[in-house]
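Chains, contacts and geometry: an overview
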Amino acid sequence: CCWTSPVFQSRGIALFLKNTTFHGILLDALFDAGSDNEDKKEVVRLVTEGIKSGAVKPLPATVFAENQVEQGFRFMASGKHIGKVVLKIREEEPQRKLMPKVKPVSAIPRTYMNPEKSYILAGGLGGFGLELANWMIGRGAKKIVLTSRSGVKTGYQSLCVRRWREQKIQVFVSTADVTNAQGAEQLIKEATKLGPVGGIFNLAVVLRDAFMENQTAADFATVCRPKVEGTKQLDAVSRKLCPELDYFVAFSSVSCGRGNAGQVNYGLANSAMERICEARQAAGLPGVAIQWGAIGDVGLILETMGDNETVVGGTLPQRMTSCLATMDKFLQQPHAVLASMVLAEKRKSGGEGNQVGLLEAVGNILGIKDVKTVNPANTLADLGMDSLMGAEIKQTLERNFDLVLSAQEIRGLTFGKLSDLSSGADGAEAAPAATDAAPVKDASQVQFQAAELVPKETLIQLPSKSKSGTPIFIVHPIEGVVAALQTLAAQLPCPVYGLQCTTKAPLDSIQKLAAFYLQQVKTAQKSGPYVLSGYSFGACVAFEMALLLEKSKEKVTLVLLDGSPTYVASHTGNYKARQNPDNKNADADALTYFISLFKDDVDYIKIQKELQALAGWEKRLSLATQLLAGSTPFPQAELAAAAESFYKKLVAADAYKPSGTYAGPVTLIKATDNFVSLGKDYGLTPICKQTVNIQSVKGNHREILAGDSALKIAEIISQTLKL
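Now for a description of the structure that goes with this document. Remember, it's a predicted structure, so these values are computed and weren't measured experimentally. (Residues numbered from 1 in each chain as written. Predicted model: local features only at pLDDT ≥ 70, side-chain atom pairs only at ≥ 80, totals over all residues. Heavy atoms only, no water.)

Our next topic: the overall build of the protein chain. Helices and strands together make up the secondary structure of the protein chain, namely 27 helices and 18 strands. When burial is assessed residue by residue, the protein chain has 46% of its 723 residues classed as buried. For the protein chain, long-range pairs separated by at least 24 residues make up 72% of all intrachain contacts whose partners lie at least 6 apart in sequence. (Helix = DSSP H or I, 4+ residues; strand = E, 2+ residues; numbered from the N terminus. Buried < 20%, exposed > 50% of the residue type's maximum accessible area, 1.4 Å probe, protein only. Contact = heavy atoms within 4.5 Å.)

Below, the structure written as structure tokens:
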């Protein structure tokens, strides 16, 4: 038996007070044993007698109805149950021996592509085309034909094609002109060489927008050619050469269904495509035209008109994840013309229906039956959100509500803020409120828990398993001290030195701070090879130190602990994205956050406004230290020094740009439960010549420095450095 099993967790150590003995039996070992095995015989005897006497009972079961699959999975994921979690699909039969009736089960249809067939995407090298091709590959397609009269001409197009080919996907780029019969037939024949054509998607588009008095016949012809003539020719040729065609899809536009100023020619072209698709369906052939609204993330809107909040023809850009989910549904519909768009007025006006949907969606993920009983000020993290729930909430917000938030922002969301978001508080009119909103307070990121706020020594030797060998120099996190790294250092079989941020450290830039720390390093080790490490904020300083050493012809090995040159900037970037471009209160906001690290009952908005009302850093710093007086054991002078150091380090890390590319070996050890929008490698690959060795350790940003996670990190470092 294991102490972490639910039996012990639910009943505790009191079981042993009854002089009870527990035995663990490896049943899988007994399965392989012969029938004459004494242990096997004894176990069979005990179980048989236990069943007869009632001592051995079936495991308890928590039963959910067949329509409660989601609740059942969430209950199981909580890890608090004992026994089995089962779904009741049907009622028990009244007789012991009875052939059960066939019971139909509702299924969710999903679009898949036949790997033996080829799929043609006319205009497939555009932004939407590349995303659609990637989605189709994910749904099973192995043979893709992309058409573009100019061929591959951008680095991103080349990258996509190269990655697909590395996955053993057959990708053919055709320059055939499908607006004439000869070109369309050439394209179909090229695709047929890969496999029978299973789908034709016409995404081609050319715009010549102008009001009617400024339109010309040439403009109409230019816009209609790829849509009208292209669809017409593909329709005609596919009827002859594509007997196994499953999909014939034309990308239309709401400019046809709803109209859009200056796009009468574009509306006409899309209308003609829709009529072709209707004729195909009437003839018993596949055909669907999709009226898209503005498309977000990629394509014409982002390239020519603005961002994902630009209103076009009464619609907001529909995010790509939503578009592809819509494609999945539309390809299974029987209708010839379908439409998908995000109405701007509906999104901004919100309304009770939308509000209830958003709150209930998040509440359902968290397992909250009645969201009205939740304190609006509680964050989702306070309500028990774990990493899996966070990922699901992020997907739900993006897919169903077109809200894009970082994982850290989601952890700090409250139900009050969710209500604001659903009613349009994230729109343009609510920008000032967003500026005043309290930032996400993730307790794992910053913790001032050392005996001193401002250390007196820059370089200190930490206790470790050995004092001989090549030392490791570890740069402090943003708090400026290395106390949090002592547990890890104690497990390393080599000398370990910690670099701390004293009042002498220059904080004008990361480059100056790195140069200062190198002077300290060389007092302990005059020449290389060097081993540098940095935790969190310290990772960007260690990286710059490595660059400086390489410039002086020294060899360096770099080990970064849950950080990178852009780690801090990824957090400050989320803050800056919510501010006005001319925000002049960054120092006041940083001081407010600094205060909240020491006081739990902070009225964040009130203190923020009080600090912003003061003119100048000195007055704001003075008020901040006064507000903390009596709440901490530290004198005001030390609090002031720590607050100023904290803010300057934030500014320096946010502005940091590496002075070069690192050539030596680099290992990134990251926390599994630290959610940052930096990619798998924390943004290291573009600034490192060698492949980044990425290792993951269980826990959040702070938990990895203690317990088994610290042992795991020490093991990784020892193996990496061959200690």
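Here the narrative resumes, following the displayed structure.
The mixed open sheet is built from seven strands, whose spatial order is S12-S14-S13-S15-S16-S17-S18. The open sheet is flanked by strand S12 (459–462) and strand S18 (693–697), the only strands paired with a single partner. Each adjacent strand pair in this sheet contributes to an overall mean axis angle of 20°, direction not counted. In this sheet, strand S17 (residues 666–671) lies alongside strand S16 (residues 556–561) in parallel orientation, the contact comprising four bridges. (Pairing = 2+ DSSP bridges. Axes fitted to C-alpha atoms, helices over the stretch in contact; angles between N-to-C directions.)

On to the packing of aromatic side chains, then. Scanning all chains against the criterion turns up eleven aromatic pairs. Here the aromatic cluster, defined as three or more aromatic residues joined through ring pairs, consists of Phe128, Phe251 and Trp292. Sitting above the plane of the Tyr112 ring, Arg139 keeps its charged end 5.9 Å from the centroid. Geometry around Phe248 places Arg280 over its ring, the cationic atom sitting 4.1 Å from the centre. (Phe/Tyr/Trp six-rings, centres within 6.5 Å; stacked < 30°, edge-to-face > 60°. Lys NZ or Arg CZ within 6 Å of the ring centre and 35° of its normal.)

The next thing to look at is the nonpolar core. Core analysis: the biggest nonpolar cluster contains 67 residues, and Tyr517, Phe537, Val541, Phe543, Met545, Leu558 and Tyr662 have the highest contact counts within it. When residues of this core are assigned to their parent elements, the largest contribution, nine residues, is made by helix H21 (residues 538–551). Taken domain by domain, this core gets at least three of its residues from each of domain 3 (459–569 + 658–721) and domain 4 (583–652). Those residues in contact with Phe543 that lie beyond four places of it in its chain are Leu558, Pro565, Tyr656, Pro658, Gly660, Tyr662, Leu684, Ile687 and Cys688. Core analysis: the next-biggest nonpolar cluster, separate from the first, contains 36 residues, Ile290, Trp292, Leu331 and Leu338 among them. (Core = buried A, V, L, I, M, F, W, Y, C linked by side-chain atoms within 4.5 Å. Domains from an automatic or database assignment.)

Moving on: the pairing of strand S3 (residues 118–122). Most of S3 sits out of view: five of its five residues are buried. The alternating pattern of S3 places Ser118, Ile120 and Ala122 on one face and Tyr119 and Leu121 on the opposite face, and all of these are buried. Judged from the five bridges that link them, S3 and strand S4 (residues 143–147) form a sheet pairing that is parallel. Bridge pairing in S4 places Ala122 opposite Thr147. Tracing the backbone out of S3, into helix H5 (residues 127–138) and back to the parallel element S4 gives a crossover that is right-handed. (Right-handed = clockwise from strand over helix to strand, strands pointing away.)

On to the pattern of salt bridges, then. Taken as a whole, this structure holds 14 salt bridges when the rule is applied. In this structure, the salt-bridge partner of Glu185 is Lys189, at a minimum N-O distance of 3.1 Å. Highlighted residues: Glu185 and Lys189, both in helix H7 (residues 181–194), separated by four residues, approximately one helical turn. Judged by its relative accessible area of 44%, Lys189 falls in the partly exposed class. Across the pair Asp235 and Arg280 runs a salt bridge, and its minimum N-O distance is 2.6 Å. Highlighted residues: Asp235 in helix H8 (residues 217–241) and Arg280 in helix H10 (residues 264–282), separated in sequence by 45 residues. Arg280 matches Asp235 in its accessibility class, with the two residues each being buried. Connected via shared salt-bridge partners are Glu42, Arg45 and Glu49. (Salt bridge = Lys/Arg side-chain N within 4 Å of Asp/Glu carboxyl O.)

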